[in-house]
Amino acid sequence: MNRIITTISIAAFMVLAVFSCKPKYNEPTYSKGEIDPSRFVMIGGGHVAGYMNDGLYFEGQENSLANIIARQLAKVGGGNFNQPLVDQSSIGISSNLLSPMKLGYKTDCQGVTSLSPIRIAAQGDLGVFNQNIYSTNALFGNYGIPGLKLADVFSSNSNSFFTRMASSSSASIMGDAFASQPTFFSLFLGLEEVLSFAKSGGTTEYIQPNILFASDYEQVLLTATANGAKGVLATIPDVSEMPYFTTIPWNGLTLDASSNTTLNSIYNPLDYYFSVGSNPFMIVDSTANAFAVRQILSTELLTLSLPLDSVKCNQMGVLFPIRDEFVLDAGELQYLRGVIAEYNQIIIDLAAKYNLAVVNVNEFSKNLQTGFVYNGVTMSSKFVSGGAYSLDGIHFNAKGNALLANEFIKSINSKYKSRIPQVDANAFNSTLFP
Amino acid sequence: MKQMYIFSLFLLGFLSINRSYAQGFQVNFQGQKQQGMGCAGTALFQDGASIFYNPGSVAFSNENSINIASTPIFSNVLYVDSATQHGYRTKNPVGTPFSAYGIFQAHKHDKLKFGIAAYTPFGSTVQWEENWIGRFALTRLELKAIYIQPTLSYRIADVIGIGAGFIISTGNVNLQKDVPVQDSLGNYGHAELAGKALGFGFNAGIHYDLNKKLTVGITYRSQINMKVKNGVATFTVPASLNTNFPDGVFTGALPLPNVTTLGWAYKATKKWQFVLDINYVGWKVYDSLAFDYEKNTTSLLDTKSARNYKSIFAFRGGAMYKANGKLDMRLGSGFGFSPVPDASVTPETPDANRFYFTGGLSYRFTEKFSIDASIYYTQLKRTAQNAETNLYGTYRTKAVAPGFSLIYKW
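Note that the structure is a prediction, hence the values are computed from the model and not measured. (Residues numbered from 1 in each chain as written. Chains lettered and ligands numbered in written order. Predicted model: local features only at pLDDT ≥ 70, side-chain atom pairs only at ≥ 80, totals over all residues.)

## So, the nonpolar core
Our working definition: Any set of buried Ala, Val, Leu, Ile, Met, Phe, Trp, Tyr and Cys residues joined through C-beta atoms within 7 Å is what this text calls a nonpolar core. Counting other C-beta atoms within 10 Å of a residue's own tells you its class, since 20 or more makes it buried, 12 or fewer makes it exposed, and anything in between is partly exposed; those C-beta atoms are placed from the backbone. Residue ranges labeled as domains rest on an automatic or database domain assignment. Each residue gets a C-beta atom placed from its backbone, and two residues are in contact if those atoms lie within 7 Å.
The biggest cluster of nonpolar side chains holds 177 residues, and the ones touching the most others in it are Met42(A), Ile43(A), Ile69(A), Val194(A), Ile322(A) and Ala405(A). For this core, the two domains that each supply at least three residues are domain 1 (40-242 + 330-427) and domain 2 (253-328) of chain A. Not counting chain neighbours up to four residues away, the residues in contact with Ile322(A) comprise Phe281(A), Met282(A), Ile283(A), Val284(A), Leu302(A), Leu306(A), Met316(A), Gly317(A) and Val327(A). Trp283(B), Tyr286(B), Tyr309(B) and Ile312(B) belong to the second-largest nonpolar core, a separate cluster that totals 10 residues.

Printed below as a string of structure tokens:
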């Protein structure tokens, strides 16, 4: 009898051990809250389009900010989200008709080979622009158009990234984007305005005045909310935090004893002094002195478009000062940041007026500049190693888009009492190393 | 005018080892009889496992005995990430800690006893599923430690026994995690740290029969610093980053805390016995976990991760019923506070305050030969955000440990 009890008990142990020890996963309950996500449209620039590594191409579009948000909306009833996809076999194309970039090896003028962004081909795939892919059966949801400025959404538009997806040659972005009568929308506008100014080193003088920006923005909102659609607006990041402007150090002029002596003899009469080691680059500034040249300040920024071979081998930034188009000087930065602050106030005020959610992309960019740890991975706005920006130093890569998409989702959830899950951003590609 | 592109790569918060299944308070998976009574037995001499529970009570042994046991651990963790609501599971292989105890005396009724124990307080592996969300914190941790404890016990009076043992601890650690750099196909890098650890300590105790019914026991197991010297760090990363992550040697250390136990045993009737143990575990020593790499680069820096554990109490108790001359039945339970603060909860030890329940049986086939069986069950839940990785979610753990032992006396 006791032996039987023992045997049964031993058998019971084994059964218990095998079957009872897995914690149960309760399927999460998602909900759309107060939004109707069935038809989602997003309007913006290259950041919305999935433009990355200085190019528009299939894989980038698959991982666009708009598409990642749409995929999560699909979990609470969102419908098909159509994107103007570049063919999967195409290498894609940049705004300058070049090919996208990848990380590879490049040999500089001094014969030093190092890891550097390089173009994947001699030129981009012009076929991307030669074919119109509009279809009435599958209206697009992603109206992220690289280079799109707010003022350009109302009338016909010759931007090649739009003409390839436009319903007709006379179509406007507003007309096409709202033809599907979206039930939920997102606007990420104003960024391309400040970006084009910043990328040009402040040589493009015109940025739309804030009064016009406000009235244009409101006009878009009037159309967008006409059917009672809810939406989420995005503020503009301080673009001067992007690696395009922060990678090349202001004091990257490294001098040995002999060049130090030479430079001091040349520039001391102008009251500029050098020492052995790091020194500020020389830049063009017409207001500085008769020679229109001065040392760059530590607060001023150099663009990634600076021709580095000229710097390394041809005295650029030394005897030949760096031209204005590669420099954001103190005055330009003050103006730029002023405009961004004004635009953002307009966006925040309009979000309040129309009772819409607003994502603080400006703050997200600041956090990235400080750096933060996401699920064990340190993310920052450092070029290449920071993990969030693509190789063009301006647009996010897939992982950066995923992180930003999570900010949109958090904002929607908090405003509209929805429960939309965030994405695991580490499941998206960051910089790929050879 | 050089170094225009500055690739100061990845200051990785690198590497953290931890006890695997060794919940906050130490795992008392020693002795099936003790496990059956809630893993308590400091004041009750039962069998060779008393070398672990109280070397002082070994003095009350009256024969030579050998005890061989194994307690397989079936443990599973589910992690639900708070942001994505996605669930990820461990795929732990079954832990198979074994133990062996021997008590010997030169002559019958000698006051001096010799004991030797070999046991594996940590013998399990945590293996997370592929591509889980915490893969940059941990993908796999294998910890194997074997304690060998030669012991001397002496009965200084009819009612008092004292004993002490020296502990030699040897172990293997293998810790793996993904490295957040991707190759041209998007595959993440991987790091593996493997090493042998060695540590020393002692275990001492007193056993005192207050009267015919009530016994009290006190033990102190010292802290053991498990030191890994000449551990091997191996990195699988894209070719262009090989120089940033050089394979090489590392050193590290893991303090296993001291444990002070006060225990009581009460013989209520001929058939019923009760035990109660209170542990105080000195987890406070585990304030940080440091790794020192022989070759440092901008990507691979020595690390020091805050742990800030706090010392805790654990309570364990149980009852035994002698059904007849051959069969004993046991039940027990325990509660332990978690030493792990919220900020230090990691995928290695998703620890929490826990209750557990145990049961057990002994059956004596003959005077000399008997078998014991025991079972342990616990489940726990912890929601926390780790301060180093920012992983934020809920860990749910279930563990069942059925154990068996064979005992031979002469």
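Having put the structure on the table, let's press on.
## Quick notes on the packing of helix α8 (residues 191-199) of chain A against helix α13 (residues 330-353) of chain A
Helix-helix packing: each pair is described by the crossing angle between the helix axes and the interaxial distance. All names here are of chain A. Rules: All axes here are fitted lines through C-alpha atoms, helices being fitted over the stretch that makes contact, and every angle between N-to-C directions spans 0 to 180 degrees. Numbering goes from the N terminus for both helices and strands, where a helix is a DSSP run of H or I of at least four residues and a strand is a run of E of at least two. Angles are sorted into four bins: roughly parallel if under 35 degrees, roughly antiparallel if over 145, roughly perpendicular if 65 to 115, and oblique for all others. Ten residues, namely Ala, Val, Leu, Ile, Met, Phe, Trp, Tyr, Cys and Pro, are considered nonpolar, four, namely Asp, Glu, Lys and Arg, are considered charged, and the remaining ones, Gly among them, are considered polar.
Relative to each other, α8 and α13 sit at 175 degrees, their axes nearing to 10 Å. When the axis of α8 is compared with that of α13, the two are roughly antiparallel. Counting all contacts with α8, which are made through Val 194, Phe 197 and Ala 198, the residues of α13 involved are Leu 336, Val 339 and Ile 340. A per-class count over the contact of α8 with α13 returns 6 nonpolar, no polar and no charged.

## Let's talk about the pairing of strand β16 (residues 312-322) of chain B
Residue and element names in this part refer to chain B. Spelled out, the test is: Any two strands are treated as partners once DSSP identifies two or more bridges connecting them.
Pairing analysis gives 10 bridges linking strand β13 (residues 272-281) to β16, with the strands arranged antiparallel. Of the residues in β16, the one forming a bridge with Val 275 is Gly 318. In the sheet, β16 pairs with strand β17 (residues 327-336) via 9 bridges, with the strands oriented antiparallel. Note that in β17 the partner of Gly 317 across the bridge is Ser 333. Connecting β16 to the antiparallel partner β17 that follows it, the hairpin turn spans 4 residues.

## Focus: the domain arrangement of chain A
All names here are of chain A. The domains assigned to chain A are domain 1 (40-242 + 330-427) and domain 2 (253-328). Taken over C-alpha atoms, the centre of domain 1 sits 35 Å from the centre of domain 2. Residue-level contacts link 14 residues of domain 1 with 15 residues of domain 2. Listing elements by their share of the side of domain 1 that touches domain 2, those giving two or more residues are α8 and α13. With 3 residues, α13 is the single largest residue contributor to the side of domain 1 that touches domain 2.

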